[in-house]
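# Results of the structural survey
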Amino acid sequence: MLDLDMGRYGLFVWPSYAISAGVLIYLVVSTLLRARKWKAEVERRERELKS
């Protein structure tokens, strides 16, 4: 069984987990959005070169 009781350290551990998860989610989302932006820019420039 999973024991999630951190005792007196839970006050520090759970917020740390939450902050870490939030930062990781932010990094993944921002990376994906920037990749989408740059992919569109590359496709736009390639279309300009073909014209």
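Thresholds, definitions, all that
Residues numbered from 1 in each chain as written. Predicted model: local features only at pLDDT ≥ 70, side-chain atom pairs only at ≥ 80, totals over all residues. Heavy atoms only, no water. Helix = DSSP H or I, 4+ residues; strand = E, 2+ residues; numbered from the N terminus. Rg over C-alpha atoms; globule rule 2.2 N^0.38 Å. Buried < 20%, exposed > 50% of the residue type's maximum accessible area, 1.4 Å probe, protein only. Areas by Shrake-Rupley, 256 points an atom, 1.4 Å probe, with all protein chains shown as cover. Salt bridge = Lys/Arg side-chain N within 4 Å of Asp/Glu carboxyl O.

Within the protein chain one finds 1 helix and 0 strands. Relative to the globule expectation of 10 Å for 51 residues, the C-alpha radius of gyration of the protein chain, 21 Å, shows a markedly less compact shape. Counting only C-alpha atoms, the protein chain reaches 65 × 20 × 5 Å along its principal axes. By the burial criterion, 4% of the 51 residues in the protein chain qualify as buried. Surface exposure of the protein chain reaches about 5200 Å², of which carbon and sulfur atoms provide 68%.

On to the pattern of salt bridges, then. This model, assessed by the stated rule, comprises 3 salt bridges. Two residues, R44 and E41, come together in a salt bridge whose shortest N-O distance is 2.6 Å. Taken together, the residues span about one helical turn, with R44 and E41 both in helix α1 (residues 10-50) at a distance of 3 residues. As a salt-bridge pair, R45 and E41 come within 2.8 Å of each other at their nearest N and O atoms. One end of the pair, R45, and the other, E41, are both in helix α1, 4 residues apart, so they sit about a helical turn from each other. Via salt bridges that share partners, E41, R44, R45 and E48 belong to a single interconnected network.

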